[in-house]
Amino acid sequence: MSNVINSERIPNNVGLSEDKRLQRALEEWQPNYLKWWNEMGPEGFQRDQIFLRTAISVDSDGWANFGHVKMPDYRWGIFLADAVKDRTIGFGDNMGQPVWQQVPGEHRNSLRRLIVTQGDTEPASVEQQRLLGHSCPSLYDLRNLFQVNVEEGRHLWAMVYLLHSHFGRDGREEAEALLERRSGDVDKPRILGAFNEPCTDWLSFFMFTFFTDRDGKFQLLALAESAFDPLSRTTRFMLTEEAHHMFVGETGILRMCDRTAQVMKESGKDHPDDLRKLGVIDFGTMQRYLNLWYSLSLDLFGSEVSSNAASFFANGLKGRAKEDQYEDHRALEGFYTIDRFNEGRWSKDDIPLRNALNEVLRDAYVEDCQRGVDKWNRTIAAHGVSVVLKLPSRKFHRHVGANANLPIDVAGNVIATGSFSAKRDEWLPSESDKAFVQSLMTAPVFDPKQMANWISPPKQGIKGRPVDFEYVRRDA
Amino acid sequence: MADAQQNAAPAHPPVRFETAPERYRHWKLDFPKEHEGKVARLTLDVQDNGGLREGYSLKLNSYDLSVDIELADALSRIRFEHPEVRALVFASAKDRIFSAGANIYMLGLSSHTFKVNFCKFTNETRLYLEQMSAESGIASLAALNGTASGGGYELAIACDEIVLSDDGSSAVSLPEVPLLGVLPGTGGLTRLVDKRKVRRDYADVFSTLAEGVRGKRAVDWGIVDESPSRAQFQQAVDRRLAAMVARSSAQTHPSMKLTALAGDYHVAGTNYRYVTLAVDAGRRVAARTIRKPEDDEPSTPAELASRGADAWLVRAFRELDDALLDLRFNYANVAAIEVRAEGRASAVLQAERILVEHAADPLVHEVTCLIRRVLKRYDNTARSLFALIDQKSAFAGVLLELALGADRTYMLAVDGVSLRTSALNGGTFPMATELSRLQAHFYHDASKAAAALVETAAIDTARAGELGLITFAPDELDWEDEVRIAFEERASLSPDAMTGMEANLRFVGPETMETKIFGRLSAWQNWIFQRPNATGAKGALTLYGKPERPEFDFTRT
């Protein structure tokens, strides 16, 4: 099959037309990517015209071009943020030395692993979300789903670009493997746990984009500090797109909060059963979904004590988010205190700072999450409803790290194993919660004038278009 | 870069390995009339102040590297330049002392790296002595007119026979353990039990007895072959030499003068006629290139004799040998070698044909043995060896041994790149394990070694991959990056772990006395050298010759 790899098909600022190696790699990879997209991408909408943003360059005009396009014709591009002149390594043992334009042999394996792990999450989320279109609450939301999907696809391209350009044959093989793993597949699962969880309803989707994509944001922020300049530049550009994904999650939940609070106020009812009968999602259910996705996403940061994190930092491969905010960029002195549950009681452990950098990144993440939750609570309060959504303890429901698989309640207390099972459905989505949420989302809303009952309309549309704009033109 | 170069520069003047009998300071090579020139005599007469470096005196025929460099040279010259020789005798010019072994003060002043390479070189030379007997029928005799201790006895035990003067005081001994807290590091322990087959309980006693054993007991335990009185000493030596001459299988060949290589040594390597060593101190990588032979290389023994040491097979491998030693001693920071062979494969196959077609000729045989020794030195070089095979390469036959002996091979996947096997890859140049490099490469499947050997045509990259002869085959677009990254990665790994790992992986297959010496004995010795009980402030080696007694940490491992 002849396959045209050129800058027209693939917008880029990486000199694709002159780079024979990259062309060769993409010639093999791109058809497989499209095959993957057609098999595992959004199901049932590939022939529709979607009002999508396409990046065609990195300047402010170029990265946000809007127009109706069929998803398989989307122009997935390859972009690096502008180079920083004379950039030097900003942290770790090599601080102050020039950044690397090529992969140092010494760090090839670690860098490849970091890039593959990041890259694997991108197609995974597309796979997780592939059936959601069939229950969309509006064309506006459907379009946002697809925007997130194509951009996750582009993020996969960004990571594949690095693998193709800098990691030779191993890199090409890893790039192929990124298309072969499948979210939730028993034999070939995606690398990280949260990316194998089913995401089959819109409440989960919004929670995922709010919590799980936010992990992505912090990982990208940490990688943007990397001494490997192409990785830094790639991730800096990805961050501009990631912001939209979190906007989708934050406003999605916010609109659901708004709708539920509005119905509570109007009906004067607050019992979950009554609210469910009125076709909105009660806050208890929302809290349980929040608890689930928050705890799954916390796991993505890795163990509290990590020698990998320490060596990535020491070697300049991965920094802290916004490294500039710190005064000490070597992090050789100082400790981080973590709680550890040992022989029936909690104790404090002082961990050398470098070994605790996963936890440092998780701190910034928790803080960022809290800001979003506060907004939701303000929306609820504005209706005069007294419910408050809360982030559970970060020790709750963890499967990675010091508190993995310990029976810990949402307040962070260790409880009897038996009482955890008894209380589980108070804290995490129960089968009946899931069944209820699914029952609200059995049919899509394709009329531009309509909005599903369980969610409020957004305050404004996309790129100056009205909320009831035909964001998705269905193929008749 | 300037810093890196300074780091790589040796703290001492570089060590040079080329010498010639007229320049020997410590040995005298002659051919006593009474044996009609059939016996070569190497008389040890170490100049106290003639050592390689300052700070120690080579008393009592103790030696340092400068003594061994001359010995290695002499053994080579006996084989090439003195074809009438049938036996070799070691003697001492000092009264009642043969040799006190490696100089302890020299060892005390040396870096660990130097000690290890010194021991490796002396071990290689002792093995040359044994190979000379096995391969060329020139047996050797140690005529111990006096005490031979430590390395002195280890030189003797590398000979076929040992005669020790029984004068009531002359002894043979291995005092390293009781006096210095280290091992006899030049094969002594291995040869006692594996070669001379001394009962291991006697070997145990002998190796812990500082003053050693004398006379009858030495003979009874098999530590020497004969211990005549002083009066009968020379007679016994001559009798044994006459017998060695009589049973020698050596054949005469035209003498081949080993002319000077005259390498052009500079700060970042050496240029020889056929070999280039180019050291990149910043990357800690050296490129070692061996170039193709001339178009008119000798094809008959007569042509070889007339071309002499200028023949490519002789000169190129002597240059390679010198380059290996240069690298070991003078570029300690180099982690990895780009092994390259430039030229046309057909020219290499043409030049090496004499080794196959005239294998029985004694001079041709000596050339084969020389190449065998150099390739073993290559195997034993503690640097990562990555062969790079590209359009310019001539990895064929004898030069293919360099790729087969490498830790990895990278072969460029484009048209026109090839390698060639030849009959010589079938075992002409055995490794220390006695396996050919091809057999070692395919240790899991002997049929693959056989399959590679019967490929008569040029083997292109795809075919080399199918046959399993190469490790990686990057194409044009990947080549530069793959190779760069491979070397960078290698250079970043622990040099100690690399040495140990490579030594374990290279010598796949059976143990021989040789592998035990370079593996078991050397590895234990190098561990002991690092331990406080030997080299700590209160270690036995540190305190040797000082009034204080060593203090051991008595914890056993």
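Q: Explain the overall build of chain B residue by residue, including any values.
A: Along its length, chain B carries 23 helices and 19 strands. For chain B, the C-alpha atoms occupy an extent of roughly 75 × 55 × 45 Å along the three principal directions. By residue count, 59% of the 557 residues in chain B fall in the buried class. Residue pairs in contact within chain B that sit at least 24 positions apart in sequence constitute 74% of those at least 6 positions apart. Here chain B has roughly 22300 Å² of accessible surface; of this, 51% comes from carbon and sulfur atoms. A distance of 5 Å separates the average location of the 65 positive side-chain charges in chain B from that of its 76 negative side-chain charges.

Q: Break down the overall build of chain A for me, with residues and values.
A: Along its length, chain A carries 12 helices and five strands. Compactness check: chain A gives a C-alpha radius of gyration of 23 Å against a globular reference of 23 Å for 476 residues, within 12% of the reference. Projecting the C-alpha coordinates of chain A onto the three principal axes gives extents of approximately 65 × 65 × 40 Å. Sorting the 476 residues of chain A into buried and exposed places 57% on the buried side. For chain A, contacts bridging at least 24 residues in sequence account for 72% of all contacts bridging at least 6. Positive and negative side-chain charges of chain A, numbering 59 and 68 respectively, have mean locations separated by a distance of 2 Å.

Q: Which residues make up unusual backbone geometry, and what values go with them?
A: In most cases, non-glycine residues show a negative phi, while peptide bonds are predominantly trans. Phi at histidine 397 of chain A takes a positive value of approximately 55 degrees, unusual for a residue other than glycine. Summarising the element assignment, histidine 397 of chain A is placed in the loop between helix H10 (357–382) and helix H11 (417–427). Its identity as a non-glycine residue notwithstanding, lysine 197 of chain B has a phi of 55 degrees, on the positive side. Locating lysine 197 of chain B in the fold gives a position in the loop between helix H7 (188–195) and helix H8 (200–207). On the accessibility criterion, lysine 197 of chain B (62% relative accessible area) is exposed.

Q: Describe the domain arrangement of chain B, naming the residues involved and giving the relevant values.
A: Interface size is commonly expressed as the accessible surface area that is lost when the partners come together. Residue and element names in this part refer to chain B. Partitioning chain B into structural domains gives domain 1 (20–247) and domain 2 (264–501). When each unit is reduced to the centre of its C-alpha atoms, the spacing between domain 1 and domain 2 is 33 Å. Between domain 1 and domain 2, the residue contacts involve 15 residues of the former and 16 residues of the latter. Interface of domain 1 and domain 2: buried area, both sides summed, is about 1500 Å²; carbon and sulfur atoms make up 52% of it. Together, Phe80, Tyr128 and Glu135 form the three largest contributors to the area buried by domain 1 at its contact with domain 2, with a combined 36%. At the boundary of domain 1 and domain 2, one finds four salt bridges. In this structure, the salt-bridge partner of arginine 328 is glutamate 124, at a minimum N-O distance of 2.8 Å. For the interface between domain 1 and domain 2, the tally reads eight residue pairs in polar contact (both at pLDDT 80 or more).

Q: Explain the pairing of strand E3 (residues 335–342) of chain A residue by residue, including any values.
A: Residues and elements named next belong to chain A. With eight bridges connecting them, E3 and strand E4 (residues 345–352) associate as antiparallel partners. Note that in E4 the partner of phenylalanine 335 across the bridge is proline 352. Connecting E3 to the antiparallel partner E4 that follows it, the hairpin turn spans two residues, and glutamate 343 within it adopts a positive phi of roughly 45 degrees.

Q: Account for the packing of aromatic side chains, naming residues and giving values.
A: Here the structure, examined in full by the defined rule, presents 50 aromatic pairs over all chains. Ring centres 6.1 Å apart and planes at 65 degrees place the aromatic pair tryptophan 36 of chain A and tryptophan 37 of chain A in the edge-to-face group. Take tryptophan 36 of chain A and tryptophan 37 of chain A: they sit in the same class, and that class is buried. Ring plane angle 70 degrees and centroid distance 5.8 Å describe the contact between tryptophan 27 of chain B and phenylalanine 90 of chain B, whose orientation is recorded as edge-to-face. Within this pair, whereas tryptophan 27 of chain B is found in strand E1 (residues 27–30), its partner phenylalanine 90 of chain B is found in strand E4 (residues 87–92), the two being separated by 63 residues in sequence. When its relative accessible area of 6% is taken as the criterion, tryptophan 27 of chain B is described as buried.

Q: How would you summarise H8 of chain B if you had to cite specific residues and measurements?
A: Within an α-helix, residues lying three or four positions from one another point in the same direction, as the helix has 3.6 residues per turn. All names here are of chain B. For H8, every residue scored as buried is listed here: Ala203, Phe206 and Ser207. In a view along the axis of H8, the buried residues occupy a sector of 90 degrees, so they form one face of it. Next to the buried residues of H8 lie helix H5 (151–157), strand E10 (172–173), helix H6 (176–180) and H7.

Q: Which residues make up the interface of chain A and chain B, and what values do they have?
A: Opposite the 16 residues of chain A that make contact, chain B presents 11 residues. Interface area for chain A against chain B, summed over the two sides, is near 1200 Å², with a carbon-plus-sulfur share of 37%. Broken down residue by residue, the surface that chain A buries against chain B is led by Arg21, Gly105 and Arg108 of chain A, which jointly contribute 40%. For the salt bridge of aspartate 478 of chain B with arginine 172 of chain A, the shortest nitrogen-to-oxygen distance reads 2.5 Å. Counting across the chain A and chain B interface gives eight residue pairs in polar contact (both at pLDDT 80 or more). Sorting the residues of the side of chain A that touches chain B by element identifies helix H1 (20–40), helix H2 (108–128), helix H3 (139–166) and helix H4 (168–180) of chain A as the ones contributing at least two each.

Q: Mind laying out the sheet that holds strand E8 (residues 147–149) of chain B, listing which residues take part and the relevant values?
A: Residues and elements named next belong to chain B. Reading across from one edge, E5-E8-E10 is the order of the three strands in this open sheet, with parallel pairing throughout. Both edges of this open sheet fall to strand E5 (97–99) and E10, since each of them pairs with a single strand only. Examined bridge by bridge, E8 and E10 share two bridges and lie parallel to one another. Residue alanine 148 lies in a different strand from E10, and its bridge partner there is valine 172.

Q: Would you mind going over the packing of H3 of chain A against helix H6 (residues 229–267) of chain A in detail, with residue names and values included?
A: Residues and elements named next belong to chain A. In contact at an axis separation of 10 Å, H3 and H6 are set at 160 degrees when each is read in the N-to-C sense. One way to sum up the angle between H3 and H6 is to call them roughly antiparallel. Handedness of the H3/H6 crossing: left-handed. Grouping the constituent residues of the contact of H3 with H6 by class yields 11 nonpolar, eight polar and eight charged.

Q: Give me the lowdown on the state of the cysteines, citing residues and values where you can.
A: Residue and element names in this part refer to chain A. A complete count under the given rule lists zero disulfides over all chains for this structure. Here cysteine 136 stays free of any disulfide, with the sulfur of cysteine 199 as its closest cysteine sulfur at 15 Å. Residue classification places cysteine 136 among the buried positions, given a relative accessible area of 0%. Cysteine 257 carries a free sulfur, and the closest cysteine sulfur to it, the one in cysteine 369, is 15 Å from it. Note on cysteine 257: relative accessible area 0%, which makes it buried.

Q: So what's going on with the sheet that holds strand E13 (residues 275–280) of chain B? Residues and values would help.
A: All names here are of chain B. Pairing in this open sheet of seven strands is mixed, and the strands run E11-E12-E13-E14-E15-E16-E17 from one edge to the other. If you trace the sheet from one side to the other, it starts and ends with strand E11 (264–266) and strand E17 (408–411), each paired once. Neighbour-to-neighbour, the strand axes of the sheet open up by a mean angle of 20 degrees, direction not taken into account.

Q: Explain the pattern of salt bridges to me, and be specific about the residues and the numbers.
A: Summed over all chains, the structure comprises 91 salt bridges over all chains. Measuring nitrogen to oxygen at the nearest pair gives 3.8 Å for the salt bridge that ties lysine 423 of chain A to glutamate 426 of chain A. One end of the pair is lysine 423 of chain A and the other is glutamate 426 of chain A, both in helix H11 and three residues apart, which spans about a single turn. A salt bridge links arginine 77 of chain B to aspartate 73 of chain B, with the nearest nitrogen and oxygen atoms 2.7 Å apart. Within this pair, arginine 77 of chain B and its partner aspartate 73 of chain B are both found in helix H2 (residues 65–81), separated by four residues, close to a single helical turn.

Q: How would you summarise the confidence of the model for chain B if you had to cite specific residues and measurements?
A: Of the residues in chain B, 98% reach a pLDDT of 70 or more, and the chain-wide mean stands at 94. Here residues 1–10 of chain B scores under 50 on pLDDT; set against residues more than four positions off or in separate chains, the count is 10 contacts.

Q: Just give me the short version of the side chain of aspartate 390 of chain B, but keep the residues and values in it.
A: All names here are of chain B. Here aspartate 390 shows up in the loop between strand E16 (384–389) and helix H15 (400–404). A distance of 3.1 Å separates a polar atom in the side chain of aspartate 390 from the backbone nitrogen of lysine 392. Those residues in contact with aspartate 390 that sit more than four places away from it in its chain are Arg340, Leu412, Val417 and Trp479.

Q: Any details on helix H13 (residues 345–357) of chain B? Residues and values, ideally.
A: Residues and elements named next belong to chain B. Between its terminal C-alpha atoms H13 stretches 18 Å, which fits the 18 Å expected from 13 residues at 1.5 Å a residue. The largest bend along H13 measures about 35 degrees and falls at alanine 351. Burial in H13 covers these residues: Ala345, Ala347, Val348, Leu349, Ala351, Glu352, Ile354 and Leu355. The secondary structure elements touched by the buried residues of H13 are helix H11 (301–307), helix H12 (312–330) and helix H14 (362–379).

The rules we used
Within each chain, residues carry numbers counting from 1 in the order of the written sequence. All chains are assigned letters beginning with A, and all ligands numbers beginning with 1, in the order in which they are written. For this predicted model, a pLDDT threshold of at least 70 governs which residues receive local features, and a threshold of 80 or more governs which side-chain atom pairs are given and counted, while totals over whole chains, interfaces and linings are taken from all residues. Excluded from the side-chain calculation are hydrogens and water; included are all heavy atoms of the structure. For the purposes of this entry, the term helix denotes a DSSP run of H or I that reaches at least four residues, the term strand denotes a run of E that reaches at least two, and both are numbered from the N terminus. Only protein chains enter the accessibility calculation, which uses a 1.4 Å probe; a residue whose area is less than 20% of its type maximum is buried, one above 50% is exposed, and one in between is partly exposed. Here a residue-residue contact requires only that any non-hydrogen atoms of the pair lie within 4.5 Å. Only the protein chains shown count as cover for residues, with accessible areas throughout obtained via the Shrake-Rupley method and a probe of 1.4 Å. When charges are counted, neither His nor the chain ends are considered; positive counts come from Lys and Arg and negative counts from Asp and Glu. In this description, the location of a charge corresponds to atom NZ of lysine, CZ of arginine, CG of aspartate or CD of glutamate. Taken over C-alpha atoms, the radius of gyration is set against a globule rule of 2.2 Å times the number of residues to the power 0.38. All domain edges in this entry derive from an automatic or database-based domain assignment. Throughout, the accessible surface (probe 1.4 Å) given up by two parts as they are put together, summed over both, is called the buried area. A pair is scored as a salt bridge if a Lys or Arg side-chain nitrogen falls within 4 Å of a carboxyl oxygen belonging to Asp or Glu. Pairs of N or O atoms are called polar contacts if they sit within 3.5 Å, as long as, within protein, a hydrogen donor faces a hydrogen acceptor (for residues adjacent in sequence, only side-chain-to-side-chain pairs). Two strands make a pair as long as DSSP finds a minimum of two bridges between them. For Phe, Tyr and Trp, rings pair up if their centres lie within 6.5 Å, where Trp contributes its six-membered ring, and each pair is then called stacked (planes under 30 degrees apart), edge-to-face (over 60) or tilted (otherwise). Directions from the helix axis toward the C-beta atoms define the arc. To obtain an axis, a line is fitted to C-alpha atoms, over the contacting stretch when the element is a helix, and the angle between two such axes runs from 0 to 180 degrees between their N-to-C directions. An angle below 35 degrees is treated as roughly parallel, one above 145 as roughly antiparallel, one from 65 to 115 as roughly perpendicular, and anything else as oblique. Left-handed is the label given to a crossing in which the near helix is rotated counterclockwise from the far helix by less than a right angle, and right-handed is the label when the rotation is clockwise. For this scheme, ten residues count as nonpolar: Ala, Val, Leu, Ile, Met, Phe, Trp, Tyr, Cys and Pro. Four count as charged, namely Asp, Glu, Lys and Arg, and the remainder, Gly too, count as polar. To count as a disulfide, a pair of cysteine sulfur atoms needs to be within 2.5 Å. One confidence number per residue, pLDDT, is output by the predictor and ranges from 0 to 100. Expected helix span is given by 1.5 Å per residue-to-residue step, counting one fewer step than there are residues. Fitting axes to the seven residues that end at a residue and to the seven that start at it, the angle between those axes gives the bend at that residue.

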